[in-house]
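These are the residues of each chain, in order.
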Amino acid sequence: MNKHWMAWALLACAGMAQAEVKVSFTEPEKFTDIKSNSGFNRPEVLGELEAQLRKQAEKYLPGRDVVLEVTDVDLAGEVEPIWRSGQWLRLLRDVTLPAITLKYEVREQGQVVRQGEMRMRDLGYRDGFNRYPESDPLRYERRMIDRSFEKEFGAPAAKP
């Protein structure tokens with residue numbers, strides 16, 4: 001009897017290990033933010049956002065295949081030229097909040113069990129506690145993603 005339970009547990013773990021999270025960005029050149037603006041273009045930002053989205057999907061939807069299709073990104077703040085120096089700098093104001101829009105699909109054993117659209121926004125992004133360090137240029141976006149996944153998918157799954 002114990003061998004049967006052990007076999008089922010191994011199969012379940014194998015199924016979890018094969019779960020996959022796919023993140024894509026649809027037409028990033030048309031996103032509200034991140035596009036080129038007199039040389040201010042940082043493609044590495046999309047890689048950082050992808051990693052954060054993947055991390056949260058794995059945390060809240062372990063063992064499931066998840067497809068995330070990001071359709072818009074607007075980072076906190078606005079990139080503006082500094083008048084005298086000619087440099088571009090991201091300035092944060094209360095009205096320049098972060099926002100990300102994405103479509104998602106969650107599958108279990110090949111069957112779609114949940115799908116929808118998430119419109120993440122953080123109206124008070126400069127208020128309250130943020131566990132990400134001030135040196136992280138995406139600290140507001142990371143916190144927004146974390147909170148949005150918790151709101152959309154509930155408490156994170158317990159680790160075995």
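Since the model is a prediction, treat every value here as computed from it, not as a measurement. (Residues numbered from 1 in each chain as written. Predicted model: local features only at pLDDT ≥ 70, side-chain atom pairs only at ≥ 80, totals over all residues. Heavy atoms only, no water.)

Enquirer: Outline the nonpolar core, supporting the account with residue identities and numerical values.
Expert: Ranked by internal contacts, the top residues of the largest apolar core, which has 27 residues, are L53, L68, V70, M120 and F149. Elements represented by at least two residues in this core include exactly strand 1 (21-25), helix 2 (44-60), strand 2 (65-74), strand 5 (99-108), strand 6 (111-121) and helix 3 (139-153). By residue number, the principal contributor to this core is helix 2, which donates six residues. Leave out the neighbours within four places in its chain, and V70 touches V23, S24, F25, T26, F31, L53, I100, T101 and L102. (Core = buried A, V, L, I, M, F, W, Y, C linked by side-chain atoms within 4.5 Å. Buried < 20%, exposed > 50% of the residue type's maximum accessible area, 1.4 Å probe, protein only. Helix = DSSP H or I, 4+ residues; strand = E, 2+ residues; numbered from the N terminus. Contact = heavy atoms within 4.5 Å.)

Enquirer: Please give an account of unusual backbone geometry that cites residues and values.
Expert: One non-glycine residue, E27, lies in the positive phi region at around 50 degrees. Structurally, the position occupied by E27 is in the loop between strand 1 and helix 2. Exposure remark for E27: the relative accessible area of 40% places this residue in the partly exposed category. The phi dihedral of Q109 falls on the positive side, at around 50 degrees, and the residue is not glycine. Along the polypeptide, Q109 turns up in the loop between strand 5 and strand 6.

Enquirer: Could you give an account of the sheet that holds strand 2, naming the residues involved and the relevant values?
Expert: Within the open sheet, the four strands sit side by side as 1-2-5-6. Their pairing is mixed. Each edge of the sheet is formed by a strand with only one pairing partner; in this case those strands are strand 1 and strand 6. Strand-to-strand twist in this sheet, taken as the mean axis angle between neighbours without regard to direction, amounts to 15 degrees. Pairing of strand 1 with strand 2, which is carried by five bridges, proceeds in the parallel orientation. What sits directly across from F25, in strand 2, is V70. In this fold helix 2 packs onto strand 1, strand 2, strand 5 and strand 6, with an angle of close to 150 degrees to the strand it touches most, strand 1. Here helix 3 sits on the sheet and contacts strand 2, strand 5 and strand 6; the angle it forms with strand 6, its principal contact strand, is near 135 degrees. (Pairing = 2+ DSSP bridges. Axes fitted to C-alpha atoms, helices over the stretch in contact; angles between N-to-C directions.)

Enquirer: Report on the environment of G110, specifying residues and quantitative values.
Expert: Tracing the sequence through the fold places G110 in the loop between strand 5 and strand 6. For the pair formed by G110 and R64, sequence separation is 46 residues and the distance between their alpha carbons is 9.2 Å.

Enquirer: Describe helix 3, naming the residues involved and giving the relevant values.
Expert: Taking 1.5 Å of rise per residue, the 15 residues of helix 3 would be expected to cover 21 Å, and the 21 Å separating its terminal C-alpha atoms lies within 8% of that figure. Burial of helix 3 is extensive: 11 of the 15 residues sit out of reach of the surface. When we look at burial in helix 3, the residues that qualify are R139, Y140, E141, R142, R143, M144, I145, D146, S148, F149 and F153. Along its buried surface, helix 3 packs onto helix 2, strand 2, strand 5 and strand 6. Where helix 3 terminates, the next one or two residues include G154, which has phi positive at roughly 85 degrees. (Expected span 1.5 Å × (residues − 1).)

Enquirer: So what about the pattern of salt bridges? Which residues, and what values?
Expert: Counting across every chain of the model gives 11 salt bridges. A salt bridge links E27 to K30, with the nearest nitrogen and oxygen atoms 3.1 Å apart. On the basis of relative accessible area, K30 is assigned to the exposed category, the value being 58%. With a shortest N-O distance of 2.9 Å, E105 and R107 are connected by a salt bridge. Classification of E105 by relative accessible area gives partly exposed; the value is 22%. When its relative accessible area of 29% is taken as the criterion, R107 is described as partly exposed. (Salt bridge = Lys/Arg side-chain N within 4 Å of Asp/Glu carboxyl O.)

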